[in-house]
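# Structure at a glance
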Amino acid sequence: MPIRILPPDVADKIAAGEVVERPASVVKELVENALDAGAQTIRVEIREGGIRFIRVQDDGSGIPAAEVPLAIRRHATSKIARAEDLEAISTLGFRGEALASIASVSRLTLATRHRDEPVGTRIVVEGGHVQGQESVGLPAGTTVTVEHLFFNVPARRKFLKTPRTEAGYVHRVMTRYALAYPDVRFTYVSDGRTVFQTTGNGRLADVLAVIFGRETAEQMVPVGHVDMPWPEPGPTPAVWGYVGKPSLHRGNRQHIFLFLNRRWIQDHALTQAIIQAYHTFLPVGRYPVAVIHVALDPHLVDVNVHPAKAEVRFREPRVVFAAVQKAVRETIATIQPIRQAHAEVDWTRPPGWADRRRTLVEAGHGQQAFPMPEGEPSLGTSPPPSPPPSDTPVSAPIQLPKAGLVPLLRVIGQVGATYIVAEGPDGLYLIDQHAAHERVLYEKMMAERAARGQVASQQLLDPIPVTMDSELAGLIREHLEELQRAGFEIEPFGGNTYLVRAIPAVFSGQDPKRVVEDVVRGLAEEKDVTQQTFEERLVTMICKRAAVKGGQVLSEEEMRALVRDLEACETPHTCPHGRPTMIHIHAEELAKLFGRLG
Ligand code: ADP
Ligand code: MG
């Protein structure tokens, strides 16, 4: 085909794809417009995850009637006028693309009245074509309604996830704006239910309580000057916000929120700055909860590098990094770190390790006997073991003989408080204690469920009320039955509070509140949930949470019991997530590696 300029409606659809990926991106753009218009109150309502219906209502400036047709045209904006304006952007929007893009892939109704004009305007656009415009009586402000997103782009529609998942993305977006604008009153409604509502009183602490739940918010401490008015962007970065006490931690980085000039950003280096500020205060593999704001002169940042503006480029990244790390570190250092009784042990320093090492060194075994890295710990960041030479592969799959009366594997010891070393009839076995225990628990629970329809549970002497944030509370509400079959007896107790009467027996002795929170949060945060049912995921999550962790020192008896249980498993070689539980080096391979065999 010869080169041709695309017809405008085709070009529009392609461009729209960059701005409008899913309902959450529509919500993001509309909320940003409302904020740019100086709104004090913003109400967002979605239905069916926003695929069917999105409405964003604000009490901002409104759009003058004469400009309404322009607002929905591509590259029409009131926010910048010249190329130089791109050098210092102080509004959230500036490309003049959002309304045009959204209107080209949905049915969009824009109803607005400028605060200086007596009457408002309503315009309806379907698939980019204006259907009609009329004058109407309206309160000052703007309401944008978006229906049937991607009705004319089936390829995009197919790419959307379930309404529940899409609603989850919208929730995440709403959370970010609530945290960035404590002085704006946000209401977020999904399928008729008010998911959250902030007061708009300007207190970030109050927003934290709404978003994370009161209990979590109470475990967070202020960094810098948190009360509004906030610092104006200046030549040096100003940093403020809230960070969790070291006793408050999560399984991933998703609970670290970063804002630059009140724009939510993703920035790997700054996230790392916060994590590093917690160095040695958090258990291995756990991450802090943090809401950190940075204000910096817009001339020193480029926000125009990413289609969704989620990433920015700092002129002096190191200065910003240092400012964030220093502010967080200073706050953390003033808090006494509180360790849970069953907190995971640091991989570099299992208890008694120093003594043991001293004995070994004194006995002349020195470094080689127990080479432990000194610096930053963590299983996650340590480099993977170098692969064996290609002519002597580690044999896989492992032929673990079926269990007999006599245990087949003889436990020799533990390495790095994480792997069990064992000897079998045909060579050396390295067993990942966490993966192995997950497998053992998983098969045990599945067997119980098959035999009795339900996993063994332990009744609590006194039922315990647990209050969740709105997202987790929703998840519990939807899955009470599955939770029951998995050993949790939970009943609604009003609002986002639930009464826990029993927990799976595998957790006996643990803090029931933490167990429920960890398991449900784990499920909410799982990324790849395509193949399994909720119940399977739930059981897997319980095992993951209940299994011994890497970094936990085990007694010899515990190791023997674990290996014995593993031998009895149907599928001993992989954990429920499919990762290997053990590595086997055949006796012959050992001999080869040592040059004993040709
Ligand atoms: P941008 O935000 O990049 O300028 P948009 O397509 O999102 O582009 O909006 C186009 C224009 O419409 C804005 O520049 C603004 O003048 C006007 N506008 C859009 N939404 C609102 C709103 N909620 N309140 C007031 N004006 C609005
Ligand atoms: Mg905009």
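Whatever comes next refers back to the structure up there.
Residues numbered from 1 in each chain as written. Chains lettered and ligands numbered in written order. Predicted model: local features only at pLDDT ≥ 70, side-chain atom pairs only at ≥ 80, totals over all residues. Heavy atoms only, no water.

### Let's talk about the packing of helix α16 (residues 512-525) against helix α17 (residues 534-546)
- For the pair α16 and α17, the least separation of the axes is 9 Å and the interaxial angle reads 130°. With respect to α17, the element α16 is oriented oblique. Remark: the crossing between α16 and α17 carries right-handed chirality. Listed contacts from α17 to R514, V515, D518, V519, G522 and L523 of α16 are F534, R537, L538, M541, I542 and R545.
- Each residue belonging to the contact of α16 with α17 can be placed in one class, and the counts come to 7 nonpolar, 1 polar and 4 charged. (Axes fitted to C-alpha atoms, helices over the stretch in contact; angles between N-to-C directions. Helix = DSSP H or I, 4+ residues; strand = E, 2+ residues; numbered from the N terminus. Parallel < 35°, antiparallel > 145°, perpendicular 65-115°, else oblique. Left-handed = near helix turned anticlockwise from the far one by under 90°. Contact = heavy atoms within 4.5 Å. Nonpolar A, V, L, I, M, F, W, Y, C, P; charged D, E, K, R; others polar.)

### A word on the site of ligand 1
- Taken together, 20 residues lie around ligand 1, and N33, T77, S78, K79 and G96 are the ones closest in.
- In this structure, T142 approaches ligand 1 through a side-chain N or O atom, which is 3.3 Å from a nitrogen atom.
- When isolated, ligand 1 has an accessible area of 540 Å², and the protein chains bury 93% of it.
- Mapped onto the shell around ligand 1, the elements with two or more residues apiece are α2 (23-36) and α4 (98-104). (Near = heavy atom within 4 Å. Polar contact = N/O pair within 3.5 Å; in protein donor to acceptor, adjacent residues only side chain to side chain. Areas by Shrake-Rupley, 256 points an atom, 1.4 Å probe, with all protein chains shown as cover.)

### Things to note about the pattern of salt bridges
- Enumeration according to the criterion identifies 28 salt bridges in this entry.
- For E29, the salt bridge goes to K28, with nearest N and O atoms at 3.9 Å. Here E29 and K28 have matching classes, each one buried.
- In this structure, a network of salt bridges that share partners links the residues R449, E481, R485 and E535. (Salt bridge = Lys/Arg side-chain N within 4 Å of Asp/Glu carboxyl O. Buried < 20%, exposed > 50% of the residue type's maximum accessible area, 1.4 Å probe, protein only.)

### A word on the sheet that holds strand β22 (residues 489-492)
- Pairing in this open sheet of 3 strands is antiparallel, and the strands run β21-β23-β22 from one edge to the other. Both edges of this open sheet fall to β21 (457-467) and β22, since each of them pairs with a single strand only. With direction set aside, neighbouring strand axes in the sheet form an average angle of 15°.
- Where β21 meets strand β23 (residues 497-504), 7 bridges bridge the pair, whose relative direction is antiparallel. Across the sheet, the residue bridging to T467 is T497, located in β23.
- Of the strands in this sheet, β21, β22 and β23 touch α16, which is tilted by about 75° from β21. (Pairing = 2+ DSSP bridges.)

### So, the nonpolar core
- If you look at the biggest cluster of nonpolar residues, it comprises 71 residues, and the most contacted ones within it are V31, I42, L179 and F186.
- Top element by residues in this core is helix α6 (residues 163-180). It accounts for 8 residues.
- Both domain 1 (8-197) and domain 2 (204-333) contribute no fewer than three residues apiece to this core.
- Listed in part, the 34 residues of the second largest apolar core include L260, Y287, A290 and V324. (Core = buried A, V, L, I, M, F, W, Y, C linked by side-chain atoms within 4.5 Å. Domains from an automatic or database assignment.)

### Overview of the pairing of strand β6 (residues 141-147)
- Within β6, 7 of the 7 residues are buried, which leaves the element mostly enclosed by the surrounding structure.
- Of the two faces of β6, both are covered, the one formed by G141, T143, T145 and E147 as well as the one formed by T142, V144 and V146.
- When strand β2 (residues 53-58) meets β6, the two strands line up antiparallel, connected through 6 bridges. Bridged to V56 within β6 is V144.
- Pairing of strand β3 (residues 107-113) with β6, which is carried by 7 bridges, proceeds in the antiparallel orientation. Across the sheet, L108 pairs through a bridge with V146, a residue of β6.

### Overview of the pairing of strand β18 (residues 410-415)
- With 5 bridges joining them, β18 and strand β19 (residues 419-424) adopt antiparallel strand pairing. In the strand pairing of β19, G413 is matched with V421.

### Remarks on unusual backbone geometry
- Cis geometry is found at the peptide bond from M228 to P229, where omega equals 5°.
- Non-glycine residue F150 carries a positive phi angle of around 65°.
- You can see F150 is positioned in the loop between β6 and α5 (154-159).
- Notably, R262 is not glycine yet its phi reads approximately 70°, a positive angle.

### Quick look at helix α18 (residues 556-567)
- For α18, with 12 residues, the first-to-last C-alpha span of 17 Å sits near the 16 Å given by 1.5 Å per residue.
- Three or more residues of α18 are buried, namely M559, L562, V563, L566 and E567. One side of α18 carries all its buried residues, which in axial view fall inside an arc of 135°.
- Among the structural elements, β18, β19, β20 (427-432), α13 (433-452) and β24 (582-586) are those in contact with the buried residues of α18. (Expected span 1.5 Å × (residues − 1). Arc of directions from axis to C-beta.)

### With respect to the layout of surface pockets
- Here the second largest pocket defines a volume of roughly 1300 Å³.
- As for the second largest pocket, its lining consists of 47 residues, of which R172, V173, R176, W264 and Q266 are closest to the centre.
- At 8 residues, the largest contribution of residues to the lining of the second largest pocket is made by α6.
- Considered class by class, the residues forming the lining of the second largest pocket number 18 nonpolar, 12 polar and 17 charged. (1 Å grid on protein atoms, 1.4 Å probe; cavity = no way out; pocket = protein on both sides within 12 Å on 5 of 7 lines; lining within 4 Å. Points joined across faces, edges and corners; volume = space filled by probe spheres on them.)

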